[in-house]
Amino acid sequence: MSQKFIKLKNNNRANAKAYGKYFATAVYDNHFVGTDEIADFIQRQASVKKSDIKAVLQELGEAMKHFFEMGQKIKLEGIGILKVGFSSIGVAKAEECSASTITTRRILFQPETERVVVGQQKRTDGTVKQKYVTAISLLKDVVFEETHDNSMNTESESPSTGNGGGNTGGSGNTSGGGNSSHEPIGD
């Protein structure tokens, strides 16, 4: 399988550099992968029962909430770092700034990254300089493939299920209007 994308032309005149250019934009399946499906997948990969996996995933949410309440960041090996983020109303005096001025709360996610060597360059003094990129570990081996279907749906679902088929990624370079599926993604 691969992550599908479509080509969209930016028609937003506010960004003169990007106006009129085409950008690859992610297309998502209408199906959300839930706890059961993740537990099934993990059960096939490991020698742990699905019921045990579901119990651990349920407790993971409770554990994360506990550590967020303690003001701590959570690092999940192979996944990344999660932490609390929020916005607040600006006030004129320090004494007016309190918990009541906090307006929105969210989870910020910083994916785990690794350096991937992509080549090397020999310098005139005989030393070698490595060229590398920083890759997000979870996406390092993901294959990308163009599609012409901007409402991808690989399952036969009834019209009342699914999320309505948001078709824009996080690039912000298209005029498509952002992610309409209201997915819980960090900033």
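Before reading on, note that the structure itself is shown above.
Conventions and cut-offs
- Residues numbered from 1 in each chain as written.
- Predicted model: local features only at pLDDT ≥ 70, side-chain atom pairs only at ≥ 80, totals over all residues.
- Heavy atoms only, no water.
- Pairing = 2+ DSSP bridges.
- Helix = DSSP H or I, 4+ residues; strand = E, 2+ residues; numbered from the N terminus.
- Axes fitted to C-alpha atoms, helices over the stretch in contact; angles between N-to-C directions.
- Contact = heavy atoms within 4.5 Å.

## Looking at the sheet that holds strand β4 (residues 80-88)
Across the sheet, which stays open at both edges, the three strands sit in the order β3-β4-β5 with antiparallel pairing between neighbours. Here the strands that pair on one side only, and so sit at the sheet edges, are β3 (74-76) and β5 (102-111). Here the average twist between neighbouring strands, direction ignored, is 25°. Direction of pairing for β4 relative to β5: antiparallel, over a ladder of nine bridges. Residue pairing in the sheet places Lys-83 in a bridge with Leu-108 of β5. Sheet contacts for helix α2 (residues 50-69): β3, β4 and β5; angle to β4, the most-contacted strand, approximately 55°.

## Focus: the sheet that holds strand β8 (residues 144-146)
Pairing is mixed in the open sheet, where three strands are placed in the order β2-β1-β8. At either margin of the open sheet sits one strand with a lone partner, and together these are β2 (22-27) and β8. Taken over all neighbouring pairs, the strand axes of this sheet differ in orientation by 45° on average, direction set aside. As paired elements, strand β1 (residues 3-9) and β8 share three bridges and run parallel to each other. For Lys-4, the partnering residue across the bridge sits in β8 and is Glu-145.

By themselves, these are just geometric observations and shouldn't be taken as functional.
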